[in-house]
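# A closer look at the structure
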Amino acid sequence: MTFREQYENTLTVKTDTSAENTPPAAYFAGVFYEQQDYCAGQIPTILCGGGVKIDKPLTLSYTPLVCRMLLYTAEGEGSLLIEGQRHPLEAGTLLYLDRSRCAFSLHAGLPLWRFIAFSFVGGLFPVYESLADFAAFALTHVDSHSSVPRNLKQLLAGESGDALSFKLRDAGLLTAIVTELFAEKVAQPSPEDGQKKYAPYLRELKHYMDHHLEHPLKLEDLENHCHMSKYRICHEFSDAFGLPPIRYLNKKRIETAENLLLSTEKKVHEIALATGFENTNHFIHLFKKEYGTTPQAYREAHHF
């Protein structure tokens, strides 16, 4: 039995409106990818995927199937019902789900739910799951500086043929997306830990920087806000997150700038300002140090 047949057999589409206008099960899978037997499952491999638009109330009921699923809500809102609990899937949320573990359903309300979904296999993902507190699914909100939307966009722009170059490209993008998701998950304190591994002010400081990249920030500002020496702040922040505060902030700014370079038509100086760099030359210097080339050259090299 082909994967398409398995997929269609494990999905039931229910709607409150006329059944004759309801898309078939295959519509919600996107495109079914051609496979190479000698690498399928050995490297991260997409089985099907694409963009889905739902503009009427319906429920998608899935029974177990041996694959994983990524679902990113780009617009509107849906919900996931799994193990008796309902979880909202709002714009900007990313769902990772092991379909083999249990049945689940997706519900679309009104007026619109637009999402990107990929079903895939690969020996890498059970390893990731073993490193985190993972049951059947993981759900996270993707921040504005995340590379996930851009990587999903590149997956959508890829090819579904069986050429090895396509498979390797997809494997790299899938790995990047899932790595970011699980890195965020393992960074969250487990309820069993009792206490966080570092002071609460450090998490608050990191959260502020993650969500206010465009705001100017100096060590003296942190010193005044936290009422402790900047040397202590730098030492404790580095122990917790691997970099001192300003270097961490600049790294996040550069990552956000890279995303804007590839996903927008903004000019380099506009991106510099949008990500908190008042001096464009300083921005170009830091970007080149991180990526080995200037922002404009990087954009041209990765344009597709």
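Preceding this paragraph is the structure being described.
These lines cover the structure that appears in this document, whether it is placed above or below. Sequence order as written defines the numbering, with residues in each chain counted from 1. Confidence filtering applies because this is a predicted model: local features only for residues at pLDDT of at least 70, side-chain atom pairs given and counted only at 80 or more, and all residues used for totals across whole chains, interfaces and linings. To get the side-chain values, all heavy atoms of the structure are used, and hydrogens and water are removed first.

What follows covers the packing of aromatic side chains. Between 30 and 60 degrees the pair is tilted, below 30 it is stacked and above 60 it is edge-to-face, where a pair is any two Phe, Tyr or Trp rings, Trp via its six-membered ring, whose centres lie within 6.5 Å. Applying the stated criterion across every chain, the model contains 21 aromatic pairs. Centroid distance Tyr 27 to Phe 28: 5.1 Å. Interplanar angle 80°. Geometry classified as edge-to-face. Using a 1.4 Å probe on the protein chains alone, a residue whose accessible area is under 20% of its type maximum counts as buried, one over 50% counts as exposed, and one in between counts as partly exposed. In this structure Tyr 27 comes out as partly exposed when scored by relative accessible area, which is 33%. Pairing Phe 237 with Tyr 248 gives two aromatic rings, centres 5.5 Å apart and planes at 70°, and the pair type is edge-to-face. Note that Phe 237 is positioned in helix α7 (residues 230-241) and Tyr 248 in helix α8 (residues 245-263), a separation of 11 residues in sequence. The burial state of Phe 237 is the same as that of Tyr 248; both residues are buried. Only lysine NZ and arginine CZ atoms are considered, and such an atom sits over a ring when it is within 6 Å of the ring centre and within 35 degrees of the ring normal. Just above the ring of Phe 277 sits the side chain of Arg 253; from NZ or CZ to the centre is 5.7 Å. Counting from the N terminus, the helices are the DSSP runs of H or I reaching at least four residues and the strands are the DSSP runs of E reaching at least two.

Under the 1.5 Å per step criterion, the end-to-end length of α7 is 16 Å for 12 residues, consistent within 8% with the ideal 16 Å. Turning to α7, its buried residues number three or more, namely Ile 233, Cys 234 and Phe 237. Down the axis of α7, the smallest arc covering the buried residues is 95°, so these residues share one side. Of the exposed residues in α7, those oriented more than 90 degrees away from the buried face are Tyr 231, His 235 and Asp 239. In this analysis, the expected span of each helix is defined as 1.5 Å times one less than the number of residues it contains. The directions from the helix axis to the C-beta atoms are what the arc is built from.

Here, a salt bridge means any Lys or Arg side-chain nitrogen found within 4 Å of an Asp or Glu carboxyl oxygen. On inspection of all chains with the given rule, the structure shows 14 salt bridges. We note a salt bridge from Glu 220 to Lys 230, for which the minimum N-O separation is 3.4 Å. Note that Glu 220 is positioned in helix α6 (residues 219-226) and Lys 230 in helix α7, a separation of 10 residues in sequence. The exposure class assigned to Lys 230 is partly exposed, which follows from its relative accessible area of 21%. A salt bridge links Lys 251 to Glu 290; the shortest N-O distance between them is 3.2 Å. Residue Lys 251 is located in helix α8, and its partner Glu 290 is located in helix α10 (residues 280-291); the two are separated by 39 residues in the primary sequence. Overall, the relative accessible area of 32% leaves Lys 251 in the partly exposed class. Connected via shared salt-bridge partners are Arg 68, Asp 98, Arg 101 and Glu 129.

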